[in-house]
Amino acid sequence: MNIRIVVDPDLCIGAASCVTIAPDTFVMNTENKAEVIDHGIMPDAPTYERTVEVTQEELDNIILGAQSCPTLAISVFDENGTQLYPA
Amino acid sequence: MKRVLILGGGIAGTTAAEELRKLEVDAEITLVEQEHHPLYSRVLLPHYVKEKIAREKVFLKTWEWYAQQRIEVMSGVRLEVIDVKNRFVQTSEGRELPFDVLILAGGGELNVIGGEPRGVSYLRGVDDADELVGLIKETCMKKGDERCAVVIGGGFIALEYINIFSHFGIRCDVVMRGSGFWSNVLSDCAQKILAKKAISEGVVLHTGQTFEIVGDRHAEGVRLGNGSVLSAAMIGVGIGMHADVSFYRDAGIQIDRGIIVNEYLETRDADVYAIGDGAEVLDIHVGRRVVYGNWMNAQAQGRTVAKTIAGQRTAFDLVSSYATNLLGMHIVFIGDVDRRAADEVKQRSTSEESCVEEFYREGKLVGAVLVGDVTPRAAITARIKENRFEM
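Please read all numbers here as calculations on a predicted model, not as lab measurements. (Residues numbered from 1 in each chain as written. Chains lettered and ligands numbered in written order. Predicted model: local features only at pLDDT ≥ 70, side-chain atom pairs only at ≥ 80, totals over all residues. Heavy atoms only, no water.)

A. Seen up close, the packing of helix α1 (residues 11-23) of chain B against helix α8 (residues 295-309) of chain B. All names here are of chain B. Where α1 contacts α8, the two axes come as close as 7 Å, and the packing angle between them is 35 degrees. Where α1 crosses over α8, the handedness of that crossing is right-handed. Across the interface between the two elements, I11, A12, T15, A16, E19, L20 and L23 of α1 pack against W295, A298, Q299, G302, R303, V305, A306, K307 and I309 of α8. Class assignment of the residues belonging to the contact of α1 with α8 gives a composition of ten nonpolar, three polar and three charged. (Axes fitted to C-alpha atoms, helices over the stretch in contact; angles between N-to-C directions. Helix = DSSP H or I, 4+ residues; strand = E, 2+ residues; numbered from the N terminus. Left-handed = near helix turned anticlockwise from the far one by under 90°. Contact = heavy atoms within 4.5 Å. Nonpolar A, V, L, I, M, F, W, Y, C, P; charged D, E, K, R; others polar.)

Laid out in structure tokens, this is it:
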């Protein structure tokens, strides 16, 4: 399935808990903000939002990463644009 | 049915309850919390105070959520007695609650000056943040030189106050007992970089100072040890945390700087666990017991302890880190950064506005502080994670 992952850089404080839990999806940039990558790879320019194809297991872990963010800076949407997190 | 009693409804205790419910459908879970609020993010409080988010966005759970999860919450309640031997606690309401499993997740206690007039602010919880919002509004209505504040302290909370006052254009003096920011952790090099940044943004630093708050009903300023008085419409205090040692010691629970637990978050008493800011945890990556007061750590410990209680005994395995900033300059603490516990501290300045301090024990890298350029963070975290100590 495809999901869209969005980081709000204005809320992100660089705690990096998302990187700890889902290192294949999040990486810290030089501004100490989390960016979204695709299975460990940054296929094009750095970005705060990206659509990636994931398995259910991967989605569960990405949601766990989003839940771990102390500032709720990460949102996850399904293919229809329905917000999966924060629910 | 297993009766699990959790003291503390912050991120550690609530995560433990949530994860345990996933793993044990039948467990009877009770959460005792001093505050009257459902779980909220303390990390979001500065965002709320700076009007970046609405107040309701601070809350991460609703009361309905606890009911849906079948987690009984006793809010506005303290524990008066913990009887580990006879397996019960007594609450401030006089109720006795028996337990099979006890999780101590009560957090740390804020250090306070004591006897303060109105206008002195602490930033521990959402009630404090509400009061701070009001004080800032009053201060912002003042004109010219009267629109000023004093920050007391040189750690994480003090930095939040500096950032908040700067955000609202409130002139700010900072009073520190030590020689600079995090004087117990940082070298002169890192302190100089941070001091230079603060001064360049118009913040006035007063280091190595004792202090006394001036004002009877409302704070008027701070008198320093050298006799000078800094006038202030409000005062933000961030002078650290401590564990409520005496309460737990009286209960016979093993205490040092926090509640002592092994890598499985177990106290020496069977079925009694401690997690979060009040726990002194044996950290397998740094080879000693450490008290970490940060969100990610507390949340991860909540998850870990739930697994152990559900029968999947799991060691706590996280390289702890904490990130903040001083007026936009990044600061990251990784692992064990207690200078007194390090055999060696190596510092290197990577530029005029950037430095790295590395803390070593038994020849191994156990902690680091990054100021300015924080890009080495991932590599340092990976190095600490590889550590294995004989314990």
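B. Representation of the confidence of the model for chain A in the model. When pLDDT is averaged across chain A, the result is 95; 100% of the residues are at 70 or more. Of all helices and strands in chain A, the one with the weakest mean pLDDT is helix α1 (residues 17-21) of chain A (94), whereas strand β5 (residues 74-77) of chain A scores best (98). (pLDDT = per-residue confidence, 0-100.)

C. How the structure looks around helix α4 (residues 126-140) of chain B. Residues and elements named next belong to chain B. In a regular helix each residue adds 1.5 Å, so 15 residues correspond to 21 Å; α4 covers 21 Å between its end C-alpha atoms and thus fits that length. Within the span of α4, buried status applies to V126, A129, L132, V133, L135, I136 and T139. Where α4 is buried, its residues contact α2 (45-49), β9 (120-121), β10 (148-152), α5 (156-167) and β16 (234-237). (Expected span 1.5 Å × (residues − 1). Buried < 20%, exposed > 50% of the residue type's maximum accessible area, 1.4 Å probe, protein only.)

D. Structural detail: the pattern of salt bridges. Residue and element names in this part refer to chain B. Scanning the entire structure with this criterion turns up 27 salt bridges over all chains. A salt bridge links E357 to R339, with the shortest nitrogen-to-oxygen separation between them at 3.5 Å. Note that E357 is positioned in strand β25 (residues 354-361) and R339 in the loop between β23 (329-335) and β24 (344-351), a separation of 18 residues in sequence. You can call E357 buried: its relative accessible area is 0%. The partly exposed category is assigned to R339, whose relative accessible area is 28%. (Salt bridge = Lys/Arg side-chain N within 4 Å of Asp/Glu carboxyl O.)

E. Representation of the interface of chain B and chain A. Tallying the contact residues gives 20 residues for chain B and 20 residues for chain A. For the chain B face of the interface with chain A, the top three residues by lost area are M296, R303 and R377 of chain B, together amounting to 26%. At the boundary of chain B and chain A, one finds one salt bridge. Between D10 of chain A and K52 of chain B there is a salt bridge whose closest N-O contact spans 3.9 Å. Looking at the side of chain B that touches chain A, the elements with two or more residues in it are α8, β22 (321-326) and β23 of chain B. In terms of residue count, the dominant contributor to the side of chain B that touches chain A is α8 of chain B (four residues). When grouped by side-chain class, the residues that make up the side of chain B that touches chain A number ten nonpolar, six polar and four charged. (Buried area = accessible area lost by both parts, 1.4 Å probe.)

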